[in-house]
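Structural features, examined
Read off the chains here:
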Amino acid sequence: AARAAQCLSDPNTVTPALRTQGRVFCGLALALVIASSSGLSLEPRHELLAMGALVLLLGMPHGAFDVVVARRLFVVADLKGWTLFWLGYAGLSAAVVGLWLVAPSIFLCAFLIVSALHFGGDPEAGVSWFGRVLYGGAVIVLPALFHGTELRRLLGLVAGPASAAFVVPVLSQLAGPWLAATVLACVLQARTSRLAACESAALAVLALIAPPLAAFSVYFCAMHSPRHILRTLASLPADEARDAIALALWPTLAVLGTAVLFGFLATNLPVEARVMQLVFVGLAALTLPHMVLLERARRLAPTGMH
């Protein structure tokens, strides 16, 4: 189990697939920046629906590989083991949804902070903690520099206007210094890894220029999710990779089924609010148990960070 944990939590080996994925993300980020600068954009409602579909179909499934991590780390194989695993996973998710219902401002602040910490695991080994913090928060903080009004509207759909009115001004104050620090971190990082520096720079420019929803969708679907999947598959023997994909299919279908059910039950909400809450409250609910599991992997592995 300890050996599996080290493989699953250690990004020291930058495989050709990860290098290619990083370059693809940089290219997509550049394309979206050019399109946004040229004035090309979707209608807000169409953009929201497209973002929701992309995140559900391409982004959320990376969390389904938690079952692969659980099986490798804890040798979960029988009905009792899987029942306990899913009860714990569902319990943490339900706690997040409960927090959103009773204290949306606390939920929003906690979600943004936890997401930034989680996203900081994307860069390869050798990136400093300072660079990871800046990278993880870029897609959250930097949009507030030029897109504060749109960001406030979107976060208001998730957690209510009052919560957004509290959070967005704080992000706006952080955005300028965050950008300056990110530029410095990219210059320093280029000395040891040009690809890691390019990834950080691409994310920063994407978050600054592109509309917030589009920027998040490209980041989440082209960087965060595929990077997690590639690292998980790289940690497995070749003969187990196909089984891992099949195993991850079931929770993916369960999430999609839950999304469809929410869509039918929440007909009293405007479609924009329904999509934003489904995507981001759903992400928050899945992120907490996802991070707990990966933290367990890091504790079992003495070195490395996923």
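All of these numbers come straight from a predicted model, not from anything done at the bench. Along each chain, residue indices are assigned from 1 in the same order as the chain's sequence is written. Thresholds applied to this predicted model are a pLDDT of at least 70 for local features of residues and 80 or more for the giving and counting of side-chain atom pairs; totals over whole chains, interfaces and linings are not thresholded and use all residues. Computation of side-chain values covers all heavy atoms of the structure but excludes hydrogens and water.

What to know about the nonpolar core
- To define a nonpolar core, start from buried Ala, Val, Leu, Ile, Met, Phe, Trp, Tyr and Cys residues and group those joined through side-chain atoms within 4.5 Å. Burial classes follow relative accessibility: with a 1.4 Å probe on protein chains only, a residue under 20% of its type's maximum area counts as buried, one over 50% as exposed, and anything between as partly exposed. Ranked by size, the top nonpolar core spans 67 residues in total, and within it Phe-25 and Phe-280 carry the most contacts.
- Numbering of helices and strands starts at the N terminus; helices are DSSP runs of H or I of at least 4 residues and strands are runs of E of at least 2. Sort the elements by how many residues they give to this core and helix α12 (residues 212-234) lands first, with 10 residues.
- What Phe-280 contacts, discounting residues up to four positions off in sequence, is Met-51, Phe-111, Val-158, Leu-213 and Phe-216.
- Val-76, Trp-82, Phe-85 and Ala-248 belong to the second largest nonpolar core, which has 16 residues in total. Contact definition: two residues touch when any of their heavy atoms are within 4.5 Å.

Focus on the pattern of salt bridges
- Each salt bridge in this description consists of a side-chain nitrogen of Lys or Arg and a carboxyl oxygen of Asp or Glu lying within 4 Å of one another. Under the counting rule described, the total for this entry stands at two salt bridges.
- Between Glu-150 and Arg-153 there is a salt bridge, with the nearest N and O atoms lying 3.0 Å from each other. Remark: Arg-153 and Glu-150 occur in helix α9 (residues 148-159); sequence separation between them is three residues, near one turn of the helix.
- The exposure class assigned to Glu-150 is partly exposed, which follows from its relative accessible area of 26%.
- Arg-227 serves as the salt-bridge partner of Glu-199, at 2.8 Å between the closest nitrogen and oxygen. Here Glu-199 is found in helix α11 (residues 194-209), whereas its partner Arg-227 is found in helix α12, with 28 residues between them in sequence. For the pair formed by Glu-199 and Arg-227, the shared burial category is buried.

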